[in-house]
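# Architecture and fold: a report
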Amino acid sequence: MIFGPHALQLLPQSLLEAGWYKQIISWMQCAFGLMLGTELIWKKIRTSGKALVITTLAQLLGTFTLVSLTFAAVFAAAGIPLYLAPAFGGIALATAPAPALSIVQEFHTKGPVTDTLLPMAVLDDIMGIAVFFTVNSFIARAVSGGAVPLYMIPVMIFLPILIGIATGFPAGLLLKKTKCRGSVLGVLLAGITLTMGAGTLLNQYVFTGITLNYMLMGVSFSAVFSNMLEDAQLQQLESWFHPFLAVSLLAAIVDLGAPLDYHLIFGAGLYTFVYITARFCGKYFGARFGAKACGMPETVQKYLGLTLLPHSGVSLVFTSILCSVLAAPQPVLAEIVQGTIAAAAVINEIIAVIAAKKGFSLAGEIH
């Protein structure tokens with residue numbers, strides 16, 4: 001935030017909006033997807049796959065329901081249309097995995113919470129996108145504005161996955177035959193660039209009305225080749241790629257924080273407080289209920305929810321999409337959404353990273 005346009009302007013708004021800068025960030029997002037994808041080894045997750053899906057659904061359903069109902073009650077008292085309440089529930093589902101994953105990287109956390117968080121970050125992203133854009137389409141119909149058509153929702157979810165599969169399979173074939181460090185890194189960097197490039201071309205010239213998830217492309221790309229390699233070779237690959245992963249994570253986190261205006265902390269109102277509190281309770285207790293219902297380890301039940309709190313960057317993307325729908329027919333509602341989420345993003349990002357680290361610490365996974 002200090003580097004960004006609202007403080008020292010070392011990263012001015014013109015830079016953040018530059019096409020070449022966005023391409024670099026897209027590449028970095030694709031690259032740090034490898035941190036998640038290399039954990040999605042089928043033989044490892046099939047034993048806990050059911051529990052993982054149920055826990056993810058529980059925290060998503062809990063968050064959406066609690067935030068939506070809370071805002072419905074507040075809006076009913078304030079005379080604001082109730083159809084806006086589910087919009088806050090949809091935005092609240094967004095989880096930005098980069099802050100929590102940076103803690104995993106920095107402190108080399110190991111244990112049940114870490115093992116659950118990594119694949120859950122992928123499922124959380126996929127399900128959150130589906131719910132938000134469904135809600136957004138219904139709100140657009142309610143205000144008679146433009147909308148992302150319902151048939152585009154599966155495109156947004158599955159197209160990044162298909163792109164990653166298409167580039168990950170040939171990369172896996174090459175990596176199986178490649179042993180030296182330079183060649184392995186060459187295949188990885190070329191694969192990431194090809195994956196990002198394919199996504200960019202499709203996003204700019206074919207599916208122009210939507211925003212594709214580059215992290216999901218990287219996750220899919222790396223999950224494919226990870227399941228094709230032996231464990232020892234995969235571990236060696238991860239070790240060699242680690243410096244690139246660290247830089248990619250850092251760039252993604254800076255990109256999340258730079259656009260945020262710290263002045264909004266002082267202007268936060270009732271809606272911001274309600275949003276942060278309701279989202280915290282939904283994420284934490286939803287994850288706890290789901291993990292307990294599935295008999296997951298006690299540390300997962302108690303502390304997984306704390307690691308799911310960061311979400312500023314993704315929430316702002318969702319907010320801009322919703323506000324573009326509301327701006328013309330309901331500008332007052334657009335201001336409510338934008339003001340609430342922008343302030344909440346700044347405040348939550350500070351609280352959430354501390355809470356996430358505390359969650360790993362209480363779980364005994366930071367040594």
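Since the model is a prediction, treat every value here as computed from it, not as a measurement.

Regarding its fold elements, the chain presents 16 helices and 0 strands. For the chain, the C-alpha radius of gyration of 20 Å lies close to 21 Å, the compact-globule estimate for 367 residues. Going through the 367 residues of the chain one by one, you find that 53% of them count as buried. Summarising the internal contacts of the chain: among those between residues at least 6 apart in sequence, 83% fall at separations of at least 24. For the chain, the computed accessible surface area is about 15900 Å², with 68% contributed by carbon and sulfur atoms. For the chain, the distance from the average position of its 18 positive side-chain charges to the average position of its 15 negative side-chain charges is 9 Å.

Peptide bonds are, in most cases, trans, and in most cases residues other than glycine have a negative phi. Its identity is not glycine, yet glutamine 9 carries a phi of approximately 60 degrees, on the positive side. Relative to the elements of secondary structure, glutamine 9 occurs in the segment before helix 1 (13-16). The phi torsion at histidine 108 lies on the positive side, around 50 degrees, for a residue other than glycine. If you trace the backbone, histidine 108 turns up in the loop between helix 6 (97-107) and helix 7 (112-143). With relative accessibility at 54%, the residue histidine 108 sits in the exposed group.

Structurally, the position occupied by glycine 191 is in helix 9 (residues 181-205). Of the residues examined, glycine 191 reaches a relative accessible area of 7% and is grouped as buried. Once the C-alpha coordinates of glycine 191 and leucine 15 are considered, the two residues, 176 residues apart in sequence, prove to be 27 Å apart.

Moving on, we get to the packing of helix 6 against helix 11 (residues 231-257). Their axes nearest at 10 Å, the elements helix 6 and helix 11 cross at an angle of 145 degrees. Note on packing geometry: the crossing formed by helix 6 with helix 11 is left-handed. In contact with Ala98, Pro99, Leu101, Ser102 and Gln105 of helix 6, helix 11 contributes His242, Leu245, Leu249, Ile253 and Leu256.

Attention shifts here to the environment of glycine 37. Assignment of secondary structure puts glycine 37 in helix 2 (residues 19-37). For glycine 37, a relative accessible area of 0% translates into the label buried. When the C-alpha atoms of glycine 37 and valine 219 are compared, they prove to be 4.1 Å apart, with 182 residues separating the residues in sequence. Excluding anything up to four places from it in sequence, glycine 37 contacts Val219, Ser222, Ala223 and Ser226.

Describing two packed helices takes the angle between their axes plus the distance from one axis to the other. The geometry of helix 2 relative to helix 11 is characterised by a closest axis approach of 8 Å and an angle of 125 degrees between their N-to-C directions. The angle between helix 2 and helix 11 places the two elements in the oblique class. Crossing hand, helix 2 versus helix 11: left-handed. Of the residues in helix 11, those in contact with Tyr21, Ile25, Trp27, Met28, Ala31, Phe32, Leu34 and Met35 of helix 2 are Phe241, Leu245, Val247, Ser248, Leu249, Ala251, Ala252 and Asp255. Within the contact of helix 2 with helix 11, the residues separate by chemical class into 14 nonpolar, 1 polar and 1 charged.

Across all of its chains, the model carries 1 salt bridge by this definition. One salt bridge in this structure joins glutamate 298 and lysine 302, with 3.0 Å as the shortest N-O distance. Taken together, the residues span about one helical turn, with glutamate 298 and lysine 302 both in helix 14 (residues 298-307) at a distance of 4 residues. Lysine 302 sits in the partly exposed class, given a relative accessible area of 26%.

How each quantity is defined
- Residues numbered from 1 in each chain as written.
- Predicted model: local features only at pLDDT ≥ 70, side-chain atom pairs only at ≥ 80, totals over all residues.
- Heavy atoms only, no water.
- Helix = DSSP H or I, 4+ residues; strand = E, 2+ residues; numbered from the N terminus.
- Rg over C-alpha atoms; globule rule 2.2 N^0.38 Å.
- Buried < 20%, exposed > 50% of the residue type's maximum accessible area, 1.4 Å probe, protein only.
- Contact = heavy atoms within 4.5 Å.
- Areas by Shrake-Rupley, 256 points an atom, 1.4 Å probe, with all protein chains shown as cover.
- Lys, Arg positive; Asp, Glu negative; His and termini not counted.
- Charge placed at Lys NZ, Arg CZ, Asp CG, Glu CD.
- Axes fitted to C-alpha atoms, helices over the stretch in contact; angles between N-to-C directions.
- Left-handed = near helix turned anticlockwise from the far one by under 90°.
- Parallel < 35°, antiparallel > 145°, perpendicular 65-115°, else oblique.
- Nonpolar A, V, L, I, M, F, W, Y, C, P; charged D, E, K, R; others polar.
- Salt bridge = Lys/Arg side-chain N within 4 Å of Asp/Glu carboxyl O.

Geometric values such as these leave the question of function open.
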